[in-house]
Amino acid sequence: MKDVKVLGSGCSRCVATAEMVEAEARALGVPVTIEKVTDYAAIAAYGVASTPGVVVDGKLVHAGGLPKPENVRAWLKAS
């Protein structure tokens, strides 16, 4: 099971990022838990200055703008 956190204020890009992660995980058959983190202190603790940010299994993999679907697939496939 992959633990994914989407960091952001809840803006449209943040919502779209969470939906993209969910859709790609479903397509790959990878079980995920998705947590939306909106607390600015928690977001800053990951070193993210531009949202949305994506954390997979505790590792920051993306910050700022919508991620590319192929990147999301790679993050979800990684062990």
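Residues numbered from 1 in each chain as written. Predicted model: local features only at pLDDT ≥ 70, side-chain atom pairs only at ≥ 80, totals over all residues. Heavy atoms only, no water.

**Q** Please explain the pattern of salt bridges as it appears in this structure.
**A** Once their charged atoms are close, side chains differing in charge can pair, the charge on each being opposite to the other. One pass over the full model with this rule turns up five salt bridges. Where Lys5 meets Asp3, a salt bridge forms, and the shortest distance between an N and an O atom there is 3.0 Å. Here Asp3 falls in the partly exposed class, since its relative accessible area comes to 29%. Connected via shared salt-bridge partners are Asp3, Lys5 and Glu35. (Salt bridge = Lys/Arg side-chain N within 4 Å of Asp/Glu carboxyl O. Buried < 20%, exposed > 50% of the residue type's maximum accessible area, 1.4 Å probe, protein only.)

**Q** Would you mind showing me how to read the side chain of Lys5 here?
**A** Its place among the elements puts Lys5 in strand β1 (residues 2-7). Residue classification places Lys5 among the buried positions, given a relative accessible area of 16%. Side-chain polar atoms of Lys5 contact the side chain of Asp3, separated by 3.0 Å. Apart from residues no more than four positions distant in its own chain, Lys5 is found in contact with Glu35, Val37, Tyr46, Gly53, Val54 and Val55. (Helix = DSSP H or I, 4+ residues; strand = E, 2+ residues; numbered from the N terminus. Polar contact = N/O pair within 3.5 Å; in protein donor to acceptor, adjacent residues only side chain to side chain. Contact = heavy atoms within 4.5 Å.)

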